[in-house]
Amino acid sequence: MKIIVLDLEWNQSSTGNEPETEKIPFEIIEIGAVGLSDDYRMIREFSEFVKPQVYKKMHSYTSKLIHIQMSQLETGDPFPEVSKKFFDWCGEDYIFCTWGSSDLTELQRNLAYYDLPLLGNAPVKYIDAQKLFSLVYENGSKNRKALESAVDQLDIEKDIPFHRAFSDAYYTAKIFERIAKERPDVLQYVSYDISYPPASHDDEINVDFGTYVKYISSTFEDKESALKDEKVSSMVCYKCGKVLKKKLNWFTTNDRHYYALANCDKHGILKGKVRIQRTGDGKVFVVKTSKLVSKETAAEIRSKYNKVKQKNKQSD
Ligand SMILES: [Zn+2]
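What counts, and where the lines are drawn
- Residues numbered from 1 in each chain as written.
- Predicted model: local features only at pLDDT ≥ 70, side-chain atom pairs only at ≥ 80, totals over all residues.
- Helix = DSSP H or I, 4+ residues; strand = E, 2+ residues; numbered from the N terminus.
- Buried ≥ 20, exposed ≤ 12 C-beta atoms within 10 Å, placed from the backbone.
- Pairing = 2+ DSSP bridges.
- Axes fitted to C-alpha atoms, helices over the stretch in contact; angles between N-to-C directions.

(A) Seen up close, unusual backbone geometry. Pro123 follows Ala122 through a cis peptide bond whose omega is -15°. Mapped onto the elements, Pro123 comes out in the loop between helix H4 (102–113) and strand E5 (124–128). Notably, Asp155 is not glycine yet its phi reads approximately 55°, a positive angle. If you trace the backbone, Asp155 turns up in the loop between helix H6 (147–153) and helix H7 (165–182). Even without being glycine, His163 reaches a positive phi, approximately 65°. Its place among the elements puts His163 in the loop between H6 and H7. For His163, a count of 16 C-beta atoms within 10 Å corresponds to the partly exposed category.

And the structure:
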């Protein structure tokens, strides 16, 4: 499968209360991409301005960051045309690679705004180079590095300016090439864009990454029915398939993230984590990960639980 490294620039409402703000909070104004060869070298380029249809004034943040004038954008085509050109350029059978998760979210939202076809069946699989960077060079830290700091850290030559769609795709591609060559083992850690939930049970995601498993459910009417669902609430050891008895039942720290612990006699302590996602039409779906963890991690989960219990007691 071909890899296409993608970066977008977008503009936003200057007033924050225009009627379209909710539907399209970020309007894409530039699409940049590079296509990679089988050995992860850049072999082709895409770069186009998008003529704004929604926000005709540049937000101060956008103009400070990306140095594009409205007059330059006016030379581009509207989004439906540019996105068509872009997908024609992408061709068939590819996977996107981006720096972070927001480019795919905003691309999906802009496509939806113009009633254009979305990026295939949701959730869309992609490569998050920022996540891979933190796995390889930051011990898997949850802190995500800015693109330029990552470029500095890897001593990659800064030969073109940052914060334009093409250049950011170019640097993301350089970082990705480095990761793919130094640590091909991490390439299996793909991401899923969850702007839209799986449409049916058949579209649900079940992946075994070896070191953890991930499940993305289809939708439920509400959070309560999601949490009652057996596939969501059960704790199953992904090494032996055994249904485990919970040692610490599901609890929440913020009404969005839920945790549980269980014990497999053969394989050790299993940590469950459930994140509740809301859909545009008021339903919910669930992203659940299960991971065999150390005693220290289990202790951290227990201390989270104790904190929650303490807080609930105080508010009683
Ligand atoms: Zn087991």
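(B) Inspection of the sheet that holds strand E6 (residues 191–193) at higher detail. Read from one edge of the open sheet, six strands run E3-E2-E1-E4-E5-E6, paired in mixed fashion. Among the strands making up the open sheet, the edge pair consists of strand E3 (42–49) and E6. The sheet shows a mean angle of 35° between the axes of neighbouring strands, taken without regard to direction. As defined by bridge partners, strand E1 (residues 2–12) adjoins strand E2 (residues 26–36) across nine bridges and the pair is classed as antiparallel. Bridged to Leu6 within E2 is Ala33.

This is a description of form; function is not addressed.
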